[in-house]
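Survey of secondary and tertiary structure
What follows is each chain in one-letter form.
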Amino acid sequence: MKKNMQHTESFLKGLTTLTGLPYKKVRQYAKENNPFNILEHPHIMEPNEKQLEKIGLLNEFIASYNLLKIYESEKKITLNSSTVSGQYFLALLGGMKDKERFMVAFLDNGNNLIETKTMSEGSVGQAVVYPREVLKYAIACDCKAIILAHNHPGGCTNSSPEDRALTQRFVDIFHPLEIKVLDHIVVGGTRYSSMAENGEIPLQCQSKANYEVIALGENVVEESQDSSQYTLSF
Amino acid sequence: MNLEKSRNAGYKKCAALLSLLVGLDSVEEEKIYRCFQNMGVDNFFLYLESLELDLSHEAYEKLKSLKAVIEIFGEERGQA
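Residues numbered from 1 in each chain as written. Chains lettered and ligands numbered in written order. Predicted model: local features only at pLDDT ≥ 70, side-chain atom pairs only at ≥ 80, totals over all residues. Heavy atoms only, no water.

A closer look at the overall build of chain A
What counts here: Secondary structure follows DSSP: runs of H or I at least 4 residues long count as helices, runs of E at least 2 residues long count as strands, and numbering of each begins at the N terminus. Exposure categories follow from relative accessible area, calculated using a 1.4 Å probe and restricted to protein chains: below 20% of the type maximum is buried, above 50% is exposed, and the middle band is partly exposed.
Looking only at helices and strands, chain A features seven helices and seven strands. In sequence order, chain A lays out its α and β elements as α-α-α-α-α-β-β-β-α-β-α-β-β-β. Within chain A, the proportion of its 234 residues that are buried is 50%.

What follows is the structure, encoded as structure tokens:
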């Protein structure tokens, strides 16, 4: 109990030093609530712009730090749930505001990561995806599944109609080859959403494989839910 | 992206974020990036007190705060 109180105290002091949030205010909040909520839902502290930016940076740092710890342990990275995949791509794409990047994780039959590749990158509204290139890498590494991910520079984490159409195109290409499209992670700011978690991953082909280039686009859709609460295992 | 490349890209990103969070100049950011490469991020924070980083007192205090936050947040989330 005492250790917990000391921990909370150190956490709160660290948080206020790094973000500029008033100590009294965070202390008051932590009396009745979980102090980690402050990082996950910063608006509860009514931060000013600078404080909000610092909280965003801190979240991004923690995500990157956690990913690096996995790399350093040299363990296999297994993307076996939408939460793990979301955290993984959040570390790679989080906070990217000036450009769009489309990435693909190629997995073996145990969902262990073989390789992650940036398949497209461009300024906002300029990035395009070449499905043929993704297919080339998938065949080369003999993967059994793939996870798609890209960022929305505007910060919205909801999948747009274009994102869903792009996912369907990939299912149309990979499903006949018995390569599963497990998820499509959309990262916006310091948050993410999983299309698998939201039941938006198509289970079967809709039309013939189409290898034409796909333009990445972010359509702003009203955000309605926080996906990070629910875990869906593949 | 192989593991080595991913790790290096991660170190670069972490050093850049740290620089913005703590308020470092480009020389200090580069120094920390090199530290990450040489000893890893985990060891960097583990041995933070004994590293000779030649940073301002304020930056150093912020690094110690960051260490506390990631340790406690990691423990809570079962990642430490």
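Here we look at the overall build of chain B
Keep this limit in mind: Using a 1.4 Å probe, the Shrake-Rupley method yields the accessible areas, and only the shown protein chains count as cover for residues.
Scanning chain B from terminus to terminus reveals three helices and zero strands. Ordered by position from N to C terminus, the α and β elements of chain B give α-α-α. In chain B, which comprises 80 residues, the proportion classed as buried is 46%. Total accessible area computed for chain B in this model is approximately 4100 Å², and 49% of it derives from carbon and sulfur atoms.

Observations concerning the side chain of threonine 16 of chain A
Residue and element names in this part refer to chain A. The condition that has to hold: N or O atoms within 3.5 Å of each other form a polar contact, as long as, within protein, one can give a hydrogen and the other can take it, and as long as residues adjacent in sequence are counted only when both atoms are side-chain atoms. Throughout, a residue-residue contact means that at least one pair of heavy atoms, one from each residue, lies within 4.5 Å.
Along the chain, threonine 16 turns up in helix H1 (residues 2–19). Accessibility expressed as a relative area gives 13% for threonine 16, which makes it buried. Here lysine 13 takes part through its backbone oxygen, which lies 2.9 Å from a polar atom of the side chain of threonine 16. Setting aside residues no more than four positions away along its own chain, threonine 16 makes contact with Leu21, Pro22, Tyr23 and Val26.

Description of unusual backbone geometry
The bulk of non-glycine residues show a negative phi, and the bulk of peptide bonds are trans. Residues and elements named next belong to chain A. In this structure, asparagine 111 takes a positive phi of about 65° despite not being glycine. One can find asparagine 111 in the loop between strand S1 (99–107) and strand S2 (113–123). Non-glycine residue glutamate 178 carries a positive phi angle of around 60°.

Overview of the confidence of the model for chain B
Residue and element names in this part refer to chain B. Filter applied, for reference: The quantity called pLDDT is the predictor's confidence in a given residue, expressed from 0 to 100.
Summary statistics for chain B give a mean pLDDT of 86 and a share of 90% for residues scoring 70 or more. Ranking the elements of chain B by mean pLDDT puts helix H3 (residues 57–76) last with 87 and helix H2 (residues 26–46) first with 91. Interface confidence for the predicted complex, expressed as ipTM, amounts to 0.91; the pTM equals 0.68.

Some remarks on the pairing of S2 of chain A
Residue and element names in this part refer to chain A. Heads up, the condition is: Any two strands with at least two DSSP bridges between them are considered paired.
Direction of pairing for S1 relative to S2: antiparallel, over a ladder of nine bridges. Among the inter-strand pairings, methionine 103 is bridged to a residue of S2, identified as threonine 118. Linking S1 back to S2 in an antiparallel pair, the connection comprises five residues, with asparagine 111 at a positive phi of about 65°.

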